[in-house]
Amino acid sequence: MRFHSFMLSTTALAVSSPVLAETAVITEDGEDIIVVTASRSEQPLSQTGQSISVIDQEQIERLQSVTVADILRTVPGVTFNRNGGVGTSTSVNIRGADSSQTVALIDGVKLNDPSSPGSGFNFGNLLTGNIARIEVLRGSQSVIWGSQAIGGVINTITRAPTDDIRINARAEYGYRDTGQAVGNISGRFGPVAASIGAGYFRTDGFSTFNEDRGGVERDGYRNFGANGKFEITLSDTISIDLRGYYSDGRTDIDGFAPPTFTFGDTPETSETEEFVGYAGLNVALLDGRFRNRFAFAYTNTKRDNFNLAVQTFDALGRNERFEYQGVLDISDMFQATIGAEREDSRFRSSSFGAPFSRANASIDSFYGQLRIMPLDGLTATAGVRHDDHSSFGGETTFAGDIVYSPNEGLTTFRASYGEGFKVPSLFQLFSDFGNDTLRPERAVSWDAGITQQLIDNRLELWATLFRRNSKDLINFIGCPVQTGICTNRPSGTYDNVGRARAQGVELGITMRPADSLTFAANYTLVDAKNRDNDLVLARRPRNSVNASIDYDWAFGLKTGATISHVGGSFDNTSNSRELAGYVLVDLRAAMPITDNIEFYGRIENLFDEEYETIFRFGTPGRSAFAGVRLSY
């Protein structure tokens, strides 16, 4: 038999599902939907009690969005904030958790940047390009994914190798001289299956300093990206996975120019270069019942800021990770997962030509998970993990979930419990503002939900309750007195002083009154507060609503619309400055000309809504785009 990799590079499934749905556990053809983010290996969605949304290739193409963040805002429980247009710093929050408490992945490789203050990932340069699938796991999940998995996990998966030669390409043009071209080719050549792609994006953009507040200078952006996957089959039981991802982005930004040092138009630019590499050996033993993965993963993030010809910031963050994971099918009832990791991180940074701050740290991890399926429709999972950090010592986390369907998926009950932690970043530990006595941030979360299929699966209703308590959150503090942790820290330092609580509900509905018509909507209420003073966490909207309708006409035309409402929030921790809520309406259409050529177009922000996700930073007005998509 041919060896099938159980890795995170699985081929994106052709699932026909609505853009905004909380994914059903089976496709319209009755097949189980397979996810990889819940346990880092292939697993039917019907066998996990965790909250997971899947956006597949069909959905990504329907939405036509340029950035991954714009797709994520349609997912229940997810919001984002952006410092201007495409390419600027972008934070993604899951169920009210900080963006640095979200694990971001490309093809299963963690993307955190050790040189950033919170060691989080900037979603600003992550374009949809050749992304074929996105999986969003909500809830604390450090047992499988380690540090940072407090809010959840976002796994973006690029196009997979294919057996037949396939070529996919698209190009589009629109608002403010915005252009994009993307291409990918895949196929098999003997024992080697490959998928290679590249893309280029550029735009004149708009002022990062909100044009409604006086910004006049257009801040443009350009990005070149590339992706590659190779699957080498050595035998029926042994294979090699090689993966790579590259992004080189340059964006104009605004800042605080002298002599007033007030925020406004400046000639500053920011450059970010990211490289992700992965090499894995897969070995199946015991007639395929014991599947082993030995891997090395590498990420390198280089960031530079310039004011005209003067470099004002220089940073480099690097991670090297050695991984082992084994999945053993003990019997039809039991499956065990074991794993071990070592991560070595290092960073350097300098501002305005000052000497570099440098630091490195390592973390060793071991985890285990047991899944039991005692009867049809019932699956329970429990796991434990221990991490040993070179600076602060050990941390142990637990997790468990259960899912039950008494009627073959028509009614599904889910519940999960998870613990999360986030190690202090190298910047928080060892920079000029650092505190090497910091403890990890910790969180405990649970959720419970139900999904009901009605009218021959043409109507789906679902609801999820969730709650998360966090403690030892790391905040920057002033140092009026130079004693204790403030010694030699005249400008301030970091300390474990924060506690937070996030709780709420996610609701959704999907209707398919006809094969050609789909309506979907979801609503999220997030009550995210500081437990010490009962103030609302900054930039965490309490309410968000997404709705979409898509219709496929008999002569081939595909049309759709999305309405997104994000409620008001506070821009600062003192809750003294408000950000108004807003409503965005997007229209889209696509028309196949032949079996291989399709024209498409969209209008974003149809009613030219004026809004801000961060105080004083601009957002795009009404904009239109048109393009062509080729597939062979």
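Residues numbered from 1 in each chain as written. Predicted model: local features only at pLDDT ≥ 70, side-chain atom pairs only at ≥ 80, totals over all residues. Heavy atoms only, no water.

**Q** Please clarify how the nonpolar core should be interpreted in this entry.
**A** For soluble globular proteins, nonpolar side chains are generally found buried alongside one another. With 28 residues, the main nonpolar core has Leu72, Phe123, Ile134, Val136 and Ile154 as its most contacted residues. When residues of this core are traced back to their parent elements, those giving at least two are helix H1 (57-63), helix H2 (68-72), strand E4 (78-82), strand E5 (90-94), strand E6 (102-106), strand E8 (131-138), strand E15 (262-285) and strand E16 (290-307). Judged by nonpolar contacts, the second largest core, of 16 residues, contains Ile33, Ile52, Leu137 and Ala149. (Core = buried A, V, L, I, M, F, W, Y, C linked by side-chain atoms within 4.5 Å. Buried < 20%, exposed > 50% of the residue type's maximum accessible area, 1.4 Å probe, protein only. Helix = DSSP H or I, 4+ residues; strand = E, 2+ residues; numbered from the N terminus.)

**Q** What should I look at first to understand unusual backbone geometry in this one?
**A** Where the residue is not glycine, phi is negative for most of them; where a peptide bond is considered, it is trans in most cases. Following Pro258, the chain continues to Pro259 via a peptide bond in cis, the omega torsion being 10 degrees. A positive phi angle is found at Gln148, which is not glycine, with a value near 85 degrees. Locating Gln148 in the fold gives a position in the loop between helix H3 (142-145) and strand E9 (152-158). Assessed through its relative accessible area of 5%, Gln148 is described here as buried. Positioned with a positive phi, Asn575 is a non-glycine residue whose angle comes to about 60 degrees. For Asn575, the location among the structural elements is in the loop between strand E29 (569-570) and strand E30 (578-579). For Asn575, a relative accessible area of 16% translates into the label buried.

**Q** Explain the state of the cysteines here, please?
**A** Here, the word disulfide means a covalent bond between the sulfur atoms of two cysteines. According to the stated counting rule, one finds one disulfide in the structure shown. Disulfide partner of Cys479: Cys486, at an S-S distance of 2.2 Å. Here the S-S torsion is close to -70 degrees, and the disulfide linking Cys479 with Cys486 is therefore left-handed. (Disulfide = S-S within 2.5 Å.)

**Q** Where do I start with the sheet that holds E6 in this structure?
**A** Either a parallel or an antiparallel arrangement is found when strands of a sheet pair, and the pairing is made through backbone hydrogen bonds. The strand order across the open sheet formed by five strands is E3-E8-E9-E6-E7, and the pairing between neighbours is mixed. A strand with exactly one partner marks an edge of an open sheet, and here the two such strands are strand E3 (51-55) and strand E7 (109-110). Across two bridges, the pairing between E6 and E7 is antiparallel. Across the sheet, residue Ile106 finds its bridge partner in E7, namely Val109. (Pairing = 2+ DSSP bridges.)

**Q** I'm lost on the packing of aromatic side chains in this one. Help?
**A** The description of an aromatic ring pair uses the distance of the two centres, along with the angle that the planes make with each other. Tallied over the full model, the rule gives 16 aromatic pairs. Relative to Tyr298, the ring of Phe275 has its centre 6.2 Å away and its plane inclined at 55 degrees; by these criteria the two rings are tilted. Here the residue Phe275 occupies a position in strand E15, and Tyr298 occupies one in strand E16, the gap between them amounting to 23 residues. Overall, Phe275 belongs to the partly exposed group, its relative accessible area being 38%. With centroids separated by 5.0 Å and ring planes inclined at 40 degrees, the aromatic side chains of Phe294 and Tyr324 adopt a geometry described as tilted. (Phe/Tyr/Trp six-rings, centres within 6.5 Å; stacked < 30°, edge-to-face > 60°.)

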